[in-house]
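# Commentary on secondary and tertiary structure
Single-letter residue listing:
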Amino acid sequence: MHGQKRILVVDNDSARRHQIETVLSFVGEHFQLCSEYELQQQLKDDEHILTVIICGGLSIAAIDYVKANPSCPFIYHDVPDKNTLSGLVNVIGELTVPLNYAQLTELIHHCHQYHNKLPSKISKRSGPNPLFRSLIGVSDAMQQVRFLIEQVATTQANVLILGESGTGKEVVARNIHNLSNRNKAPFVPVNCGAIPGELLESELFGHEKGAFTGAISTRKGRFELAEGGTLFLDEIGDMPQPMQVKLLRVLQERTFERVGGAKSIKADVRIIAATHQHLEKMIDSNDFREDLYYRLNVFPIETPSLRERKEDIPLLLQELISRFEHDQNQSVRFTEQAILSLQEHPWAGNVRELSNLIERMIIMYADQVVNVSELPLKYRHIDVEEYTPEYPEELQEREAINELFAGFDYSDEDDELEQEDITVTEVATNSLPNEGINLKEHLADLEISLVTQALDKTDWVVARAADLLGMRRTTLVEKMRKYQLQKEER
C-alpha cells in the first residue's frame, strides 16, 4: 500500500461510520478512520491522502483544518449546517444521504482530478524543466503531452507517437527515455523510411560475418546497441511487410537472431514507435499488420500540429531564437504585429518550418527587429502600415548632387570641366522659376543632357566621351544603362 492514496473518514457516529466503511470497501478504495483530534497530524505527515470525508456536526477546529489545507480536497456528509463550509473551494462536494455508489465514485474521480491539476504540478510541467526544453508551450494540448510523458515514462509500456511531420515526435521519445529508469542506457533512433527494405533487417538485428556479400565482419544491430535502453522506430508506417512480421516476433518473444546467425539473443529494449501516417487506414488496405499495430499502440501520444496551438508561438519564438543566439551568436526580434501575423499562418511544416523561418530572418536581419513587411510574403496575414522614413531636404539635395557627379575624376590641375555649348555653371545660374522645380529630376535631366552631348560630340565612342566628361569608361557605361541611352539608328 506504499504510495497508494487513501481516504480519511472523520466521524464520531459509529452507525454512520460503518455505512461509509461498507461502501468504500465495496468500491475498492483504501481508507482509514480518523478522529478529529488525529486529523491535523495526519494531514501534516501523510502526503498520500486522496480526500477527507467529514461527517456530522463540524467544530471550529475542523473548519480551520479545511482552511489550512487548500491542496487537499474535502467531502462532507450529513452535515447539519452546510453554510459553515461556504466559500471553501477545496470542499468539492457533498455525499448525500442515503449513500449512493454512483455519486461516491464521481466524487472520488473529482478528488483525483483535484490532485492532478494542482497549480503547483501544472507549473512544474510547464516550467523550465530541462527535460521538456523542446516541448515549450502553455496550450492545453502541450500540457496534455507533457502529462502523458510523465505518466508513461516510468513504465515498460510500448509507446506509439502520432502526429504530422515536424511536430517533434523524436523529442517526445527522448523525453520519455530521459524520464525513465532506462535513462542511463542508450537511446537509439532508427528512421525506418530512410533505410532500404533489404538492409533494414541487418540494420535492426545485425549480421554475422559472411551472411551476405559485403558482410566482411560481424556487426551488431540497433537492438543490441540499445540493450537496456530505448529503441525509437521512427516512421514505422514505412516498414516493409516482411520486416513487420520479424519485428512482431521480437516484441512477442523478446529474442532475435542476427542475419546469418542461429543464436537467439535476448532483447531487453523498450520500443517507442512514431509515424505521421494513419496506421488504421493502412491496416484496412493491408499495408500494415493489425497485430503489430496493437502491440505498438499500448500507450498512444498524439503530438499536436502548430496550427492547433497557436498560442504557443510567442514562447516557441523565444526558445528557438535563444538557441540560434547560443549556437550562432546572432539573434533577431519580432514586433507584436509580426507575431500576430505568424499566429495566423497554417504552418504545414509545424515547428520545423518555424525554426527555418527564424534562421532565414537571422540571415537577412541579424540583430534587428522584424515587422510584418520584412516577413516573406506567405507569412504576411495582417495589414500593417509600412513605415516610410522622411529625410531633411538638405540631405536629399546633397545625395542628388553626389549621385550626379559620382564617378567624375577631377585632377588637382584641372578643377573645372569646360564644354563648348553648355556648362554646369551656366545651368546653375539660370533663374529659378516662380513655380519651383524638382531638384532631383532637374539634376537627372542635366546629367542626361551632358552625357548625351558628350556622346554626340564623339560619335558615341564611349571611351572618348568618358574622357570628355572626366570620368571612367565603366562609370559612363553604368549611366548609359541607367538612363537607357542608345545611339539612334539612321
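### Remarks on the state of the cysteines
Following the criterion strictly, the structure yields zero disulfides and no others. Cys111 forms no disulfide, and the closest cysteine sulfur to it belongs to Cys72, at a distance of 7.9 Å. What makes Cys111 buried here is its relative accessible area of 0%.

### Some details on the confidence of the model for the protein
Looking at the protein as a whole, its pLDDT mean stands at 84, while 88% of the residues score no less than 70. The low-confidence segment residues 410-429 (pLDDT under 50) makes 18 contacts with residues lying over four places distant or belonging to another chain.

### A short note on the sheet that holds strand β2 (residues 31-33)
Taken together, five strands build an open sheet; the order of strands is β2-β1-β3-β4-β5 and the sheet is parallel. Every interior strand has two partners, whereas the edge strands, β2 and β5 (91-95), have only one. Pairwise comparison of adjacent strand axes, ignoring direction, gives a mean angle of 25 degrees for this sheet. Strands β1 (6-10), β3 (49-55), β4 (74-77) and β5 of the sheet are contacted by helix α4 (residues 101-116), whose axis makes an angle of about 170 degrees with β5.

### Considerations on the side chain of Lys169
For Lys169, the location among the structural elements is in helix α7 (residues 169-179). The charged side chain of Lys169 is buried without a salt bridge, its nearest counter-charge being Glu235 at 4.6 Å. If near-sequence neighbours (up to four positions away) are discounted, Lys169 is found in contact with Ile161, Leu162, Gly163, Glu164, Phe232, Asp234, Ala274, Thr275, His276 and Thr303.

### Some words on the pattern of salt bridges
Scanning the entire structure with this criterion turns up 17 salt bridges. Across the salt bridge formed by Arg309 and Asp312, the nearest N and O atoms sit 3.0 Å from each other. The residue Glu447 makes a salt bridge to Lys479 at a minimum N-O spacing of 2.6 Å. Here Glu447, found in helix α18 (residues 439-457), pairs with Lys479, found in helix α20 (residues 473-482); they are 32 residues apart in sequence, far enough to count as distant.

### Digging into the packing of helix α8 (residues 197-205) against helix α10 (residues 241-253)
Two elements in contact, α8 and α10, have axes separated by 10 Å at closest approach and are oriented at 20 degrees. Judged by the inter-axis angle, α8 sits roughly parallel to α10. Every pair of crossing elements has a handedness; the one defined by α8 and α10 is right-handed. Here Leu200, Glu201, Leu204 and Phe205 of α8 come into contact with α10, specifically with Met243, Lys246 and Val250. Grouping the amino acids of the contact of α8 with α10 by side-chain chemistry returns five nonpolar, no polar and two charged.

### Thoughts on the sheet that holds strand β14 (residues 299-302)
Strand order in the open sheet formed by five strands is β7-β10-β13-β6-β14, and the pairing between neighbours is parallel. The two strands at the open ends of the sheet, each matched to only one other strand, are β7 (187-191) and β14. Each strand axis lies, on average, 20 degrees off the axis of its neighbour in the sheet, ignoring direction.

### What about the packing of aromatic side chains?
By the definition in use, this model includes seven aromatic pairs. Joined through ring pairs, the aromatic side chains of Phe205, Phe223 and Phe256 make up one cluster.

### Quick notes on the nonpolar core
Membership of the largest hydrophobic core comes to 32 residues, with the highest contact counts inside it found for Leu204, Phe223, Leu231, Leu233, Ile236 and Phe288. Going through the elements one at a time, β7, α8, β10 (230-234), α10, β13 (270-275), α11 (279-284) and α12 (290-296) are the ones with two or more residues in this core. With five residues, the top contributor of residues to this core is α10. Counting residues in hydrophobic clusters, the runner-up holds 23 residues, among them Phe324, Val351, Val370 and Tyr379.

### Quick look at the packing of helix α19 (residues 462-469) against α20
At a minimum axis distance of 9 Å, the contact between α19 and α20 shows a crossing angle of 100 degrees. Viewed along their axes, α19 and α20 adopt a mutual orientation that is roughly perpendicular. Each of Val462, Ala463, Ala465, Ala466 and Leu469 in α19 lies in contact with α20, whose residues at this interface are Arg473, Leu476, Val477 and Met480. The class makeup of the residues in the contact of α19 with α20 is eight nonpolar, no polar and one charged.

### Considering the pairing of β4
Alternating residues of β4 divide into Phe74 and Tyr76 and Ile75 and His77, and every residue in both groups is buried. In the sheet, β3 pairs with β4 via four bridges, with the strands oriented parallel. Looking at the pairing, Ile53 lines up with Ile75 of β4. The handedness of the β3 to β4 crossover, carried by helix α3 (residues 60-68), is right-handed.

Reading guide: rules and limits
- Residues numbered from 1 in each chain as written.
- Predicted model: local features only at pLDDT ≥ 70, side-chain atom pairs only at ≥ 80, totals over all residues.
- Heavy atoms only, no water.
- Disulfide = S-S within 2.5 Å.
- Buried < 20%, exposed > 50% of the residue type's maximum accessible area, 1.4 Å probe, protein only.
- pLDDT = per-residue confidence, 0-100.
- Contact = heavy atoms within 4.5 Å.
- Pairing = 2+ DSSP bridges.
- Helix = DSSP H or I, 4+ residues; strand = E, 2+ residues; numbered from the N terminus.
- Axes fitted to C-alpha atoms, helices over the stretch in contact; angles between N-to-C directions.
- Lys, Arg positive; Asp, Glu negative; His and termini not counted.
- Salt bridge = Lys/Arg side-chain N within 4 Å of Asp/Glu carboxyl O.
- Parallel < 35°, antiparallel > 145°, perpendicular 65-115°, else oblique.
- Left-handed = near helix turned anticlockwise from the far one by under 90°.
- Nonpolar A, V, L, I, M, F, W, Y, C, P; charged D, E, K, R; others polar.
- Phe/Tyr/Trp six-rings, centres within 6.5 Å; stacked < 30°, edge-to-face > 60°.
- Core = buried A, V, L, I, M, F, W, Y, C linked by side-chain atoms within 4.5 Å.
- Right-handed = clockwise from strand over helix to strand, strands pointing away.

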